[in-house]
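A look at the structure
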Amino acid sequence: SEISPMAFQSLDELRSAYHAKDRFLVILLIAVSLAVTLVTALGTGGLLAYWVDQRAKSIGISRALGATPARIWLYLQVESGVITAAGVVLGLLCTAFMACQGQGAIDQKGIVSMLQCFAAATLLVGISCQVSAFLPARQAGRIEPSMALK
């Protein structure tokens, strides 16, 4: 009996078939992570827009007392940053706890990889939340002092 050359697969083909499921799961994880980041950014922007609407009168008073639009914009960006930082720290703590519980003993290479992922996620969430806070903060800086008199 003769073995046909078509029965053999190259090492690249075998490796590709072996990792196909892992590749799909990574793509799915990235898609879900981006969707969650988008929802987080929209939520932060919506919350800040609501706060600007609720505090329009006090922002108008601040403007009447001499606050510049840039100072009000900076104040609201810092406020958004503090909220984002608190959420990121809490998320990192929960993620680190769950990773330690799920994996048991993690080697040094795994810890470095995990820390790189945490840093990338933190940066992505922080930037997206600050970008989403830009428009409401700019809107707050445009509130006229006469708004406080209404």
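Counting starts from 1 at the beginning of each chain's written sequence and moves along it residue by residue. Per-residue local features are limited, in this predicted model, to residues with pLDDT of at least 70; the limit for side-chain atom pairs, both in listing and counting, is 80 or more; totals at the level of whole chains, interfaces and linings are taken over all residues. Excluding hydrogens and water, the side-chain figures rest on all heavy atoms present in the structure.

Quick look at the overall build of the protein chain
Which entries qualify depends on this criterion: Secondary structure elements are defined from DSSP: runs of H or I of at least 4 residues count as helices, runs of E of at least 2 residues count as strands, and each element is numbered from the N terminus. Contacts are assigned to residue pairs with any non-hydrogen atoms lying within 4.5 Å of each other. Per-residue and other accessible areas follow the Shrake-Rupley method at a 1.4 Å probe size, with only the shown protein chains counted as cover for residues.
Assigned secondary structure in the protein chain consists of 5 helices and 0 strands. Element order for the protein chain, N to C, with α for helix and β for strand: α-α-α-α-α. The long-range fraction of contacts in the protein chain, counting pairs at least 24 apart against all pairs at least 6 apart in sequence, stands at 85%. By element, 71% of the accessible surface of the protein chain is carried by carbon and sulfur atoms, the whole surface being about 11000 Å².

A short note on the nonpolar core
The criterion, for reference: Here, the term nonpolar core denotes a set of buried Ala, Val, Leu, Ile, Met, Phe, Trp, Tyr and Cys residues that are joined through side-chain atoms within 4.5 Å. Note on classification: 1.4 Å probe, protein chains only; a residue is buried when its accessible area is under 20% of the maximum for its type, exposed when over 50%, partly exposed between these limits.
Leu48, Val52, Ala56, Ile59, Ile72, Leu76, Ala133, Ala137, Ala140 and Ile143 together form the largest nonpolar core, which totals 10 residues. Residues within four places of isoleucine 59 in sequence aside, it is in contact with Val52, Ile72, Ala140 and Ile143.

With respect to a nonpolar patch on the surface
What counts here: For patch building, the residue pool is restricted to those with more than 30% relative accessible area and no salt bridge; the joining distance is 9 Å between like charges and 5 Å between nonpolar side chains (Val, Leu, Ile, Met, Phe, Trp, Tyr). We count a salt bridge whenever a side-chain nitrogen from Lys or Arg sits within 4 Å of a carboxyl oxygen from Asp or Glu.
A cluster of nonpolar residues, Phe24, Leu25, Leu28, Val32 and Val36, forms a patch on the protein surface that exposes about 460 Å² of accessible area. Here leucine 28 is to be found in helix H1 (residues 11-54).

Section: the side chain of glutamate 79
Positionally, glutamate 79 belongs in helix H3 (residues 69-103). For glutamate 79, the residues in contact, after removing those within four places along its chain, are Leu48, Trp51 and Arg55.

Quick word on the environment of serine 128
For the record, the criterion: Two N or O atoms count as a polar contact when they lie within 3.5 Å, although within protein this holds only if one can serve as hydrogen donor and the other as acceptor, and sequence-adjacent residues are included solely when both atoms are side-chain atoms.
Here serine 128 lies in helix H4 (residues 108-132). Linking serine 128 and leucine 42, residues 86 residues apart in sequence, is a C-alpha distance of 8.9 Å. Residues within four places of serine 128 in sequence aside, it is in contact with Thr37 and Ala41. Looking at serine 128, its side chain comes within polar contact range of the main-chain oxygen of valine 125, at 3.0 Å.

Considerations on the pattern of salt bridges
Evaluation of the coordinates by the stated rule reveals 2 salt bridges. Between aspartate 12 and arginine 15 there is a salt bridge, and its shortest N-O distance comes to 3.1 Å. Highlighted residues: aspartate 12 and arginine 15, both in helix H1, separated by 3 residues, approximately one helical turn. Two residues, glutamate 79 and arginine 55, come together in a salt bridge whose shortest N-O distance is 2.8 Å. Here glutamate 79, found in helix H3, pairs with arginine 55, found in the loop between H1 and helix H2 (56-64); they are 24 residues apart in sequence, far enough to count as distant. Given the relative accessible area of 26%, arginine 55 is considered partly exposed.

Digging into H1
Put simply, the test is: Expected helix span is computed as 1.5 Å times (number of residues minus one). The bend reported for a residue corresponds to the angle between axes fitted to the seven residues ending at that residue and the seven starting there.
For H1, with 44 residues, the first-to-last C-alpha span of 63 Å sits near the 64 Å given by 1.5 Å per residue. The sharpest bend along H1 comes to roughly 45 degrees, located at histidine 19.

Things to note about the packing of H1 against helix H5 (residues 134-141)
Two quantities define a packed helix pair, namely the angle between the axes and the distance from one axis to the other. Quick note on the threshold: As a rule, the C-alpha atoms of each element are fitted with a line to give its axis, helices using only the stretch in contact, and angles between N-to-C directions run from 0 to 180 degrees. Should an angle fall under 35 degrees it is called roughly parallel, over 145 degrees roughly antiparallel, and 65 to 115 degrees roughly perpendicular, with every other angle called oblique. Each helix crossing is assigned a hand: it is left-handed if the near helix lies turned anticlockwise from the far helix by less than a right angle, otherwise right-handed if that turn is clockwise. Each residue gets one label: Ala, Val, Leu, Ile, Met, Phe, Trp, Tyr, Cys and Pro are nonpolar, Asp, Glu, Lys and Arg are charged, and the others, such as Gly, are polar.
As a packed pair, H1 and H5 sit with axes 8 Å apart at the nearest point and diverge in direction by 15 degrees. Regarding the angle of H1 to H5, the classification is roughly parallel. Crossing of H1 against H5: the hand is right-handed. From H1, Gly45, Leu48, Ala49 and Val52 reach across to H5, where they touch Pro136, Ala137 and Ala140. The residue makeup of the contact of H1 with H5, split by class, is 6 nonpolar, 1 polar and no charged.

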